[in-house]
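Residues per chain are reported as follows:
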Amino acid sequence: MHLPARALAGNLVWTRYGGVWAVFAVEPAVYAWLSRHDQLDLHRRTRAALVSTGGETLLLSLCAPLAPAELTARMSAGAVPLDAWRTLCRLAGEAACDLDPTERHLFLAAELPAGPVAWTARSVAGSTIAGFAGAFGLPPGPVRAGERARRGEQADHLRRRLELLLPVRPATAGEVAWIYRSALLRGLGQPAPQPDVPAVGGPALVALADALLQEGGDPADVDRPRHRRYLRVETEAGVAYQALLALSGMPHRFTFPGGGGEWLVAAEQCPFPVDWGVRIRPVPNQAAQATARRQARQLRSQVGEYAGDPAGAPPGLADAIDDLGHLRAELAANPADAELRVTTAFAVSAPTLARLEERAAALQARYAAGEYQLHRPTGGQLGLLTALLPGSPLRTPATDYVHHLLAGDLAAGMPFGAADLGDPQGMLLGYCPDAGTFRPVLFDPAYGPSVNRSGSLGAFGALGSGKSYFAKLAVHATLARGGQVVVLDRTPSAEYARLAPVLPGRAQVVSLARAGGVCLDPLTAFAGEDRVSVTLAFLTLVTGAAPGGLQGLALAEAVEKVAARRDGNLDGVLEELERAAPADPHAEQAWRILRHARRNPLARFAFGPGDPVALDADYLVFHAPGLSLPDREVALREHLAQHLLPDQVLSQALLYLVAAVARAVAFADPRRFGAALFDEAWCLTSSLQGRALLLDGIRDGRKHNAAIWLLSQHPDDLGDDQLAHLLGPRFAFRQSAQAAPAALHFVGVEPSDEAVGFLTAAPEGACFFRDVRDRVGRLQVLASMIPELHAAFDTNPVAQVPAAGPGAA
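Conventions adopted
- Residues numbered from 1 in each chain as written.
- Predicted model: local features only at pLDDT ≥ 70, side-chain atom pairs only at ≥ 80, totals over all residues.
- Heavy atoms only, no water.
- Helix = DSSP H or I, 4+ residues; strand = E, 2+ residues; numbered from the N terminus.
- Expected span 1.5 Å × (residues − 1).
- Buried < 20%, exposed > 50% of the residue type's maximum accessible area, 1.4 Å probe, protein only.
- Contact = heavy atoms within 4.5 Å.
- Core = buried A, V, L, I, M, F, W, Y, C linked by side-chain atoms within 4.5 Å.
- Pairing = 2+ DSSP bridges.
- Axes fitted to C-alpha atoms, helices over the stretch in contact; angles between N-to-C directions.

A.B. asks: Looking at this structure, how should I read helix 1 (residues 36–52)?
C.D. replies: Helix length check: helix 1, at 17 residues, gives a terminal C-alpha distance of 24 Å against a target of 24 Å (1.5 Å per residue), a fit within 8%. Considered for burial, the residues of helix 1 that qualify are Gln39, Leu42, His43, Thr46, Ala49, Leu50 and Ser52. Among the structural elements, strand 4 (29–30), strand 5 (57–65), helix 5 (145–163), strand 12 (275–283) and helix 12 (407–412) are those in contact with the buried residues of helix 1.

Right under this line is the structure:
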């Protein structure tokens, strides 16, 4: 096979036919769950991009296998090489051999304008010389530096226009070479693109097309069908079979969004890899209007031919007249718009002909459900294959399957939509069910701060939905990549504390349920401005004083005086209030309340002579099961919160204090990513002080290479959207029908029947995921591949109790 390219340099392709093409890689848009506003905005930008190319264009979408070695390399990017992380990467690579992961690459290739006559003459001469050289077995000559510079300026000009509309970048020569090579290696596990290759030419370019192609296959092929509408491709990597299908029929009317549109992004939902390409040849507006007028006259003249027929004109004639009327109206209303002559081809492959026939039939059936017809031309398989290569001329049979569309009609097919979630590095968190093939989702909790985005996350879901399991996976991944995690564990079963033996790094569990020298006095645990602010917030919660009232003012004055002393502590605050009590009744009131609270056994963790806790472990857990917290509904209602019991008041204050310590530890070393995890986040957001603490932590997290992780059962536990808008990654697990709209709002998904239905019936570990780049899709979290971790992460009591034997009573 001869490639249409004679030289590749960067994203430029010099063809054997005198033209030069520029190839751009397009970042996929996660389309399935966009809001209607965002869908229309993407349609507008896509339409404008299709108009701006000007010349012949090829839109190309390739679903490529993701090699296990490539998957593990991406997981390891930016990680500290710890043994625990190497183990995770190795297990993920082994699993990938069975899961067949894929990824989708989108490209836009456009033919550059011919330019002055001298340019055209040089290009034609170069192509002619290359043709003669090939005929005599000689390599084609190199492209001159001057021509490369001129064509590079043209490509940059086009890139700048496209960048205003779509996230594009110039493809590398390695990626362009991969496009050509992957066309011959479908079904054989084609290698991943090579983004760092500057140029490809000579023998390396010729080697890309080293394959034997047989239209209709070989008589010795097993399960060879009678119609023989397939392509047999034999390379040194093996033999595979391809079926090329062309879009032959479209519905006369479809609506966008939904309603039969989005026919290109629909290929993502097939349970096997599907590649497709769209060849576009624009016709200028004036020429298109003239052709449409001529065709309209011809069609209307045919109406009179059926005047004497009782049955009248056929319905198809009226439809054609209406379509032409719509086309003429659109062209007249948009003088800058052009008519696009579009050929769309799909490619599927398989290692056997039996499987190939199944996949081709399944693809045709999927599109037939939306009134789109796909046809497999006999004897035209090779022609459709070459039509999917940048720089190839459009010949039969591709020219037989032309649809006349406007840019808006083609944009409705969503050519740049795909299912693509997660981070470019990190743990293998799960896969995206929006794609029919296994589309892995990587997640790196530290990725957000590294790209100047918030790493703080929120995860909400009903009991048993899988949010806690996800959080433990994130904890393990953070520690395995060299980070630090601080957890506030309120569960009586010590759900997070019992993870300490199985997690990497050094662990420390600080239990507030047992006495024994533990001291969290904020005046000794904090320094700087936090020493005063945290102490004052803690004492304000204990006393119930209004921060702006006279009692709050008396507290502030006492705290500031004690904080000025190097050895100050909470007992010193009580002494200061006691000295001020005779002259200040508000100071006396605060002193009496604090003196009474100090007698409570829980108060020993903040008041008293205990030594400060050493907070330098990799995994630090504050286990606080004995806190007597009010119900969520009571805590969130101010008029009910005034009637809390003393134990409940002190418990809320201690919870705030522990959260402040956790945040301080996570933010201590900006050179190392740290996270503070708070399960049942409503316990903190129900108070002004706790909410302010979380807000400050989320806002400052990026600057300190740290993050706040909030988990709870209902998104309304955040109080309002202010906290949610500051979060980076967001997860919405299974919810009740009443809570589903709030959860969908949290991740930015419109509450459609489909979205609500998924969320209310989601299996364990399934959720909506909004990643740090604001892309939204469905995610299925995978169970840990390490058995001991899975057993420690699982909180299902049935799973933790050994099954009874046959003789058990």
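A.B. asks: Help me out: how do you make sense of unusual backbone geometry in this one?
C.D. replies: Trans is the prevailing form of peptide bonds, just as negative phi is the prevailing case for residues other than glycine. Following phenylalanine 256, the chain continues to proline 257 via a peptide bond in cis, the omega torsion being 0°. Residue threonine 396 is joined to proline 397 through a cis peptide bond whose omega torsion reads 10°. Mapped onto the elements, proline 397 comes out in the loop between helix 11 (381–387) and strand 15 (403–406). A positive phi angle is found at alanine 494, which is not glycine, with a value near 55°. Looking at the secondary structure, you find alanine 494 in the loop between strand 20 (484–489) and strand 21 (507–511). With a phi close to 65°, aspartate 774 is a non-glycine residue in the positive phi region. Assignment of secondary structure puts aspartate 774 in the loop between strand 28 (766–770) and strand 29 (776–781). Classification of aspartate 774 as partly exposed rests on a relative accessible area of 38%.

A.B. asks: How should I be thinking about the nonpolar core in this particular structure?
C.D. replies: Side chains of nonpolar character tend, in soluble globular proteins, to be buried together. Phe538, Leu539, Leu577, Phe622, Phe678 and Phe768 are the most contacted members of the largest nonpolar core, which totals 84 residues. Counting residues per element, this core draws most heavily on helix 22 (residues 646–666), at 13 residues. With near-sequence residues (within four places) excluded, phenylalanine 678 lies in contact with Leu488, Ala659, Ala662, Leu684, Leu694, Ile708, Trp709, Leu710 and Leu711. In terms of nonpolar packing, the next biggest core, distinct from the first, is built from 56 residues, Ala92, Ala497, Leu503 and Phe769 among them.

A.B. asks: Is there a simple way to think about the sheet that holds strand 28 in this case?
C.D. replies: Hydrogen bonding along the main chain pairs the strands of a sheet, whether they run parallel or antiparallel. In spatial order, the strands read 18-17-29-28-27-19-26-25-20-24-21; together these eleven strands make up an open sheet with mixed pairing. Two strands lie at the open edges of the sheet, namely strand 18 (440–443) and strand 21, each paired on one side alone. Recorded for the sheet is a direction-independent mean angle of 25° between the axes of neighbouring strands. In this structure, strand 17 (residues 427–431) lies alongside strand 18, joined through four bridges in antiparallel fashion. Following the sheet pairing, glycine 430 is matched in strand 18 by valine 441. The strands touched by helix 14 (residues 467–480) are strand 17, strand 18, strand 19 (457–460), strand 20, strand 24 (619–623), strand 25 (674–678), strand 26 (706–712), strand 27 (730–732) and strand 29; relative to strand 26, the strand with the most contacts, the crossing angle is about 160°.

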